[in-house]
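# Tertiary structure, described
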Amino acid sequence: MLRGMMMNEPLLVTSILRHAALYHADTEIVSRTTEGPIHRYTYAEAWVRAQKLANALAALGMQPGDRVGTLAWNGFRHLECYYGIGGSGMVCHTINPRLFPEQIAYIINHAEDRLLFTDLTFIPLLEGIAQELAGLKGIVVMTDSANMPRSSLPNLLCYEDLLAEQPDAFDWPLLDENTACGMCYTSGTTGNPKGVLYSHRSSILHAMAACMPDVFGLSASDVVLPVVPMFHVNAWGVPYAAPMAGAKLVFPGAKLDGASLYELFEAEKVTNSAGVPTVWLALLNWMDATGKRLTTMRRIAIGGSACPPVMIQRFKETGVEVLHAWGMTETSPLGLANTPKGKHRDLDADGTLALASKQGRPICGVQFRVVDADGRDVPRDGASFGRLLVRGPTVCSGYFGVADSPAHQAVPGWFETGDVVTMDADGYVQIVDRTKDVIKSGGEWISSIDLENIAVGHPAVQEAAAVAVPDEKWGERPVLVVVPKPGASLTRDDLLAVFQGKVAKWCIPDDVRFVEALPHTATGKLLKSRIREMVTGAPAA
Ligand code: AMP
């Protein structure tokens, strides 16, 4: 073997912010703060403050490898944590505040967080679980001294006071690129959450992939607003990808309603955004009601749950391109992204929409297989379906503190996603369902996602879920649970009529239940186990 003769420079996340500070020094980072006002500064200033934070962590006695938790919205201080903590050789452990308090306490203790950074919003939440957080050395409130809360929490520190005392420069350690820099627990609906540990190397490779033209397509002339939270899978890598490209960053803080997002999109001339379908539904409805249009937005990445075709269509009508993407906490998250190829240029409108509604094609570096129950690859014909397996340098090899994870290693060396999919000859993958959500009727599989996409295409439907109910003859049958749009009148038969001709007769739901709201997981996905319970009256198995 002849070794290459290139410099063995480790891939470290600090190199991203250093690059942005050197060559995009005056590019802005704009944040809607928890305290209220809009905060603006530049990559040059963020870089200095990340170093001040690293000095503060050292002064507090934190050691390489220590886990440092964050309970925070998307904002400039959270960005400083990503780089200051990770760059110091510690692990920035982002925690989802939407989880149940007892799950949050479990996660903090399981990760053995030594320090926790929190936004003001979450002080009451932390007060409620304070008894269970004995392992924490301190809690840093991400605010200035004027806004420090009165609280019964012990060892409360003020972020701005901590930074104020520190020098501007930090001697960043030259780490091995496989050192962990970030951590996020999966918010599975069953069992305890499990921790995924991202490395410097995986984060850099993922950010490079995220910038590519057929993924987020970021450049130094873009303005990026991640709606997807920094507490969930690193906001899909945007806090690394945007400074890598030199794009301006805009953080929405805690205000994620249609009106507040629209205001920031327009005021800051945002060109790219990313988030789960629920957020975009709220924005689209608000824009419809007020007659507003997005004037600078170019591309919105939508994933986390299936993006209904009607959403792609509605954005298209306002001049915005939707990038449907697929990922998991365990895959950093980006794995599939959907843009057309040159040969799709001549597709008609229906064909274009059908293609865009798929979850996308593999991002180079992430390998995929679709296998049957015996682990044999199924044909790549866009029709045969099977279990989606994945591997690559941005895919997790195990969970933190879990001896082995056999459920995810059914096929050795491959991570079992839990998704059932088809793949076509061009590599476009379509998610049929989560393995546990697919409806099995008379030995055939019905995709709950297909049924939901059709239901939300009805103009009077706000949100819809399709779930299986036990059936003596067929095993399971589909039932729709629907939230009508406010003020709309909608009957069962009206709704079922839209399925005619769109799916085989036996796939049409047997019944429709109307409800005022549907339950969601902490990451905004439909909580299918709870919806099944609502329909059958029986607790989830
Ligand atoms: P999480 O790790 O909580 O982000 O959840 C990952 C799961 O979300 C995947 O395994 C999929 O089931 C689902 N998911 C993510 N993106 C999509 C998408 N675009 N369409 C359908 N399901 C998706």
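Residue numbering note: each chain is counted from 1, following its sequence as written. Residues qualify for local features only when their pLDDT is at least 70, as the model is predicted, and side-chain atom pairs are given and counted only at 80 or more; totals for whole chains, interfaces and linings, by contrast, use all residues. Here the side-chain values reflect all heavy atoms present in the structure, with hydrogen atoms and water set aside.

Per an unreviewed UniProt entry, the recorded name for the chain is Fatty-acyl-CoA synthase, and the organism is Azospirillum picis. UniProt positions are given in the numbering used here, feature names are shortened, and annotations may be inferred rather than shown by experiment. Note on the chain: under the UniProt heading Sequence similarities (unreviewed entry), the record states "Belongs to the ATP-dependent AMP-binding enzyme family."

### Side note on the site of the ligand
Close contacts around the ligand come from 16 residues, with A325, T329, Q359, D419 and R434 the closest. Whenever a nitrogen or oxygen atom comes within 3.5 Å of another N or O atom, the pair is scored as a polar contact, on the condition that within protein one atom can donate a hydrogen and the other can accept it, and that pairs from neighbouring residues in sequence are kept only if both atoms are in side chains. Residue Q359 places a side-chain N or O atom 2.9 Å away from a nitrogen atom belonging to the ligand. D419 places a polar side-chain atom, nitrogen or oxygen, 2.6 Å from an oxygen atom of the ligand. Taking 500 Å² as the accessible area of the ligand by itself, protein coverage stands at 92%. Residue assignment for the shell around the ligand shows that the elements contributing at least two residues are β14 (321-327) and β19 (415-423). In terms of residues, the shell around the ligand owes the most to one element, β14, which gives 4 residues. Throughout, near means a residue has at least one heavy atom within 4 Å of the molecule or strand. Reported accessibility uses the Shrake-Rupley method at a 1.4 Å probe radius. Residues are deemed covered only where the shown protein chains occlude them. Helix and strand assignments come from DSSP, with helices taken as H or I runs of at least 4 residues and strands as E runs of at least 2, each series counted from the N terminus.

### Examining the packing of aromatic side chains
Aromatic pairs are defined between Phe, Tyr and Trp rings, using the six-membered ring for Trp, whenever the two ring centres lie within 6.5 Å; interplanar angles under 30 degrees are classed as stacked, those over 60 as edge-to-face, and all others as tilted. Under the criterion given, the structure shown has 13 aromatic pairs. Ring centres of W73 and F122 lie 5.3 Å apart, and the angle between their planes is 40°; on these two criteria the pair is classed as tilted. Of the two residues, W73 is situated in the loop between β3 (67-71) and α3 (76-87) and F122 in the loop between β5 (113-118) and α5 (123-129); the sequence distance between them amounts to 49 residues. We note that W73, like F122, is buried. Accessible area is worked out with a 1.4 Å probe on protein chains only. A residue is then buried under 20% of its type maximum, exposed over 50%, and partly exposed in between.

### Some thoughts on the sheet that holds β19
At least two DSSP bridges between two strands are needed for those strands to be called paired. Overall, antiparallel pairing links the 4 strands, which are arranged β17-β18-β19-β20 in an open sheet. Unpaired on one side and paired on the other, β17 (367-371) and β20 (429-434) mark the two borders of the sheet. Pairwise comparison of adjacent strand axes, ignoring direction, gives a mean angle of 45° for this sheet. Where β19 and β20 come together, 5 bridges link them in antiparallel fashion. Paired with M423 across the strands is V429, a residue of β20. Whenever a helix is involved, its axis is fitted only over the stretch in contact; in every case the axis is a line through C-alpha atoms, and angles between N-to-C directions fall within 0 to 180 degrees.

### Points about the state of the cysteines
Any pair of cysteine sulfurs within 2.5 Å is marked as a disulfide. According to the stated counting rule, one finds 0 disulfides in the structure shown. With no disulfide of its own, C81 lies closest to C92 among cysteine sulfurs, the gap being 5.9 Å.

### A few points about the side chain of H458
Locating H458 in the fold gives a position in the loop between α14 (448-456) and β23 (461-471). On the accessibility criterion, H458 (14% relative accessible area) is buried. Here a residue-residue contact requires only that any non-hydrogen atoms of the pair lie within 4.5 Å. Not counting residues up to four positions away in its chain, the partners in contact with H458 are L490, D494, L495 and V498.

### Observations concerning helix α12 (residues 309-317)
For α12, the complete set of buried residues consists of M311, I312, R314 and F315. Viewed along the axis of α12, the buried residues span an arc of 165°, placing them on a single side of the element. Of the exposed residues in α12, those oriented more than 90 degrees away from the buried face are K316 and E317. Buried residues along α12 sit against α11 (277-290), β13 (299-302), β14 and α13 (349-356). In the segment just after α12, G319 is the residue with positive phi, at about 85°. In this context, the arc is that of the directions from the helix axis out to the C-beta atoms.

### Re the domain arrangement of the chain
Each domain's extent was defined by an automatic or database domain assignment. Along its sequence, the chain is organised into domain 1 (14-30 + 42-200 + 230-243), domain 2 (366-434) and domain 3 (439-536). The gap between the C-alpha centroids of domain 1 and domain 2 is 32 Å. Every contact between the two is made by 10 residues of domain 1 and, on the other side, 5 residues of domain 2. In total, about 600 Å² of surface goes out of reach between domain 1 and domain 2, with carbon and sulfur atoms giving 75% of it. Each salt bridge in this description consists of a side-chain nitrogen of Lys or Arg and a carboxyl oxygen of Asp or Glu lying within 4 Å of one another. At the junction of domain 1 with domain 2, the criterion picks out 0 salt bridges. Put simply, domain 1 and domain 2 have 1 residue pair in polar contact (both at pLDDT 80 or more) between them. Of all elements in the fold, only α4 (101-111), β8 (180-185) and β9 (195-199) reach the threshold of two or more residues within the side of domain 1 that touches domain 2. A total of 3 residues in the side of domain 1 that touches domain 2 trace back to one element, the largest contributor, which is β9. When two components associate, each loses some accessible surface as probed by a 1.4 Å sphere; the sum of these losses over both components is called the buried area.

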